[in-house]
Amino acid sequence: MKNRLTCFVAFLSILFITLSCYSPSDVSAATSYDQVEKLVNEAVTEAESLEPYYRIKSSKGIGVSSTFSKKYDQTLASINEAQDSINSLSDSRKSQLQEKLNWANELRLRAAYFIDSSRHGAILRQYLAEFEAAISKGSISQIDSLYDRYSTKIRKVEETIGKVYGPTSRKVMLDYYITPSKVAKERVIYEVSHYRLLNKINTQIQKKQLTEANSNFGVLSRLKRRAIEIKQAGGYASLPSTINQTLVQMETTSKKNYNTAKGGSGDPSTAPVQAVVTASALNVRSEPTIDSDVVGKLYNGDVITVYEFVGDWAKTKINNTVCYVHKNYLVIGSTEKPSDSLLAGKVITIDPGHGGKDSGAIGFGLQEKEVVLDVGLQVQKLLEAEGAKVIMTRKDDTFLDLPERAAVANNAKSSIFISLHINAATSESANGTETYWNGNYESAESKKLAEKIQNRLIEKLGTRNRGVKDAGFYVIKYTKMPSVLAELGFISNEAEAAKLKTAQFRKNAAEAILLGVLDYYK
C-alpha cells in the first residue's frame, strides 16, 4: 500500500512539472499561424478570381462591371486583412505567408491597372466624341480649344494601358481607345498648328514685331506644304471646307495687316516679293500648269523674285525669261531658309535591314525585310519633303552585307544614319520598341539621336518602351556619323505582328522617325 502511495505521489509530481513547463501561449501561437494562413489562402483565391475580368480577347470585355468592381473591393479588403494578420505574427514561418500574399497583391495590381485604364479610357471616348463633333461642325477655334486637353488625355490613357497585363489585352484596349483618338487628332494636327501660327503672327503684327512676323510667314508656307504631302501620303479623311476657308481668310487678313503695318496697301501678293526655294530640286515651267515644258531647275536655297501668283503658281524670271514654279515649294517674303527648315542640306542615310536572300526575322506570315523596306521608303519621302538629301542603302529587295551598308553612309558623308529592323525573341511574350546606339563614333550625338527617335516611336506606335541601349551592331559601330538602329516591334509576338501588317502602323513608324530627326536637329 505504501509503495502504491509513493508511486502515485511521484506521478502527480511529474504531471505538475510537465504542466508548469507547457505555456498556453504555445497553443495560442499554433492557432494564430493557422488562422493567418487561412486568411492568406482566402486572399490568394480572391485575387485569382479576378483574372477573367482583366484578361480580355475583344472589345466586349472592356469596361468595369459592378460585379468586377465588387470582386476587386473584396479582394483588396481580404489582402489588407491578411497583411495585418501577418504583421502581428511572430512565427518564423511568416515569410512564407508574406510571399504568398505578395503574389495575391500582384494579381490584384493587374486588375487595378485594367480598371484604371478602362476608367481613363471611358473619359477619353467622351473627349473623342466632343472632338469629332467640333470637327464635324467645322469650327477650327473650337477644335483648338479642345486640342491640348484631348492630347494630354491620349498620352495619359496610353501610359496606363502600357501597364495592363497581357499583350492581347493591351492590344484590344489600344485599338479601342487610342487608335481612333489618334486618327481624329492627326486629321487636324496641321490645321491646329496653322491656326495657332496665324494667331501668333497677328499678335506680332499688332506689336509691330514685323521681322518676327515675316519669318513666321515663311514657317507658315513650309507648314502648309508639309501638311499637303503628309496627308496625301497618309490618306487622311477630308475635313469640312469651313475649316480651310477660315484659315485662308485669316491668312489673307494677316497679310493685309502686315502690308499695312509696313506702310503699303492692298494684297501683298500683287507686288514683287522675294522667295526662297525649299525643294531639293524644283522644276521651272514655261506656263503655270503641271503639263507645260520644263525650262530649267531651281535648288534648295535659291532666291527668286515672285512678280505675281497665278493660282498655285508663282511667276518669276530666269535670264529675263518669264517662267513659273509651284508656290508650295517656296517660302514667300524671305531670302533665308525658314526657321523650321531644319533638314535643308542634311544628308541622311536610311538603312532598311536585311533584303534579298536575307529575309531577317520571320513570324506570323511576315518577313522583316519587307516591313522595314516599306517603312524606309516612307521615311525617305517624308525626309525629302523636309529638304533633306536621303541616301537609301537599298530601295528594293536587294542583299547587302554589313560592311557595304556602313560604306554607303560613310562614302556619302552622311549627317546621320538610321537602320531599321524588326525584333524577334524565343518567348512570344516579348514585346515593345527599342533603339540602339554605339559609342565608337559620335557617342553623345548618337545617344541623343536614339533618344529623340525612341521617344517619338513610343508616342506614335503605342508600344511598350524598352528604352535606348548601347550595343555593338556593325552598322552603327562602323558608321562615322551619329548612328542608330531602331527595332520597331516584335515579329515573334502575335499582337505586334498584327500591327506590323497594317499600313497605319508603318505610316506611324515613318512619321515618328521624321519627327525624331526633327527633334534631334532643333
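Residues numbered from 1 in each chain as written. Predicted model: local features only at pLDDT ≥ 70, side-chain atom pairs only at ≥ 80, totals over all residues. Heavy atoms only, no water.

Q: Explain the sheet that holds strand S15 (residues 465-470) residue by residue, including any values.
A: Sheet architecture is open: six strands sit in the order S12-S9-S13-S16-S14-S15, paired in mixed fashion. At either margin of the open sheet sits one strand with a lone partner, and together these are strand S12 (389-392) and S15. On average, adjacent strands in this sheet sit at an angle of 20° to one another, irrespective of strand direction. Note: strand S13 (residues 416-423) against strand S16 (residues 483-490), six bridges, orientation parallel. Residue histidine 421 lies in a different strand from S16, and its bridge partner there is glutamate 487. Packed on one face of the sheet, helix H11 (residues 402-411) meets strand S9 (347-352), S12 and S13 and runs near 165° to S9. Sheet contacts for helix H12 (residues 443-461): S13, strand S14 (433-437), S15 and S16; angle to S14, the most-contacted strand, approximately 170°. (Pairing = 2+ DSSP bridges. Helix = DSSP H or I, 4+ residues; strand = E, 2+ residues; numbered from the N terminus. Axes fitted to C-alpha atoms, helices over the stretch in contact; angles between N-to-C directions. Contact = heavy atoms within 4.5 Å.)

Q: Residues and numbers for the environment of glutamate 191, please.
A: The topology assignment puts glutamate 191 in helix H7 (residues 167-206). It is 9.0 Å that separates the C-alpha atoms of glutamate 191 and aspartate 144, two residues lying 47 residues apart in sequence.

Q: Mind laying out the packing of helix H6 (residues 140-161) against H7, listing which residues take part and the relevant values?
A: Interaxial distance between H6 and H7 falls to 9 Å at its minimum, and their mutual angle equals 150°. In this structure, H6 meets H7 at a crossing whose hand is left-handed. Broken down by class, the residue content of the contact of H6 with H7 amounts to 17 nonpolar, three polar and eight charged. (Left-handed = near helix turned anticlockwise from the far one by under 90°. Nonpolar A, V, L, I, M, F, W, Y, C, P; charged D, E, K, R; others polar.)

Q: Tell me about the nonpolar core, and name the residues and values.
A: Of all hydrophobic cores here, the largest spans 62 residues; its most connected members are Phe131 and Ile143. A per-element tally of this core places helix H5 (residues 94-137) first, with 14 residues. Here phenylalanine 131 is in contact with Ile143, Leu146, Tyr147, Tyr150, Ala184, Lys185 and Val188, once residues within four sequence places are set aside. Ranked by size, the runner-up nonpolar core spans 40 residues in total, among them Val390, Ile422, Leu449 and Phe505. (Core = buried A, V, L, I, M, F, W, Y, C linked by side-chain atoms within 4.5 Å. Buried < 20%, exposed > 50% of the residue type's maximum accessible area, 1.4 Å probe, protein only.)

Remember that the coordinates give geometry; whether it matters functionally is a separate question.
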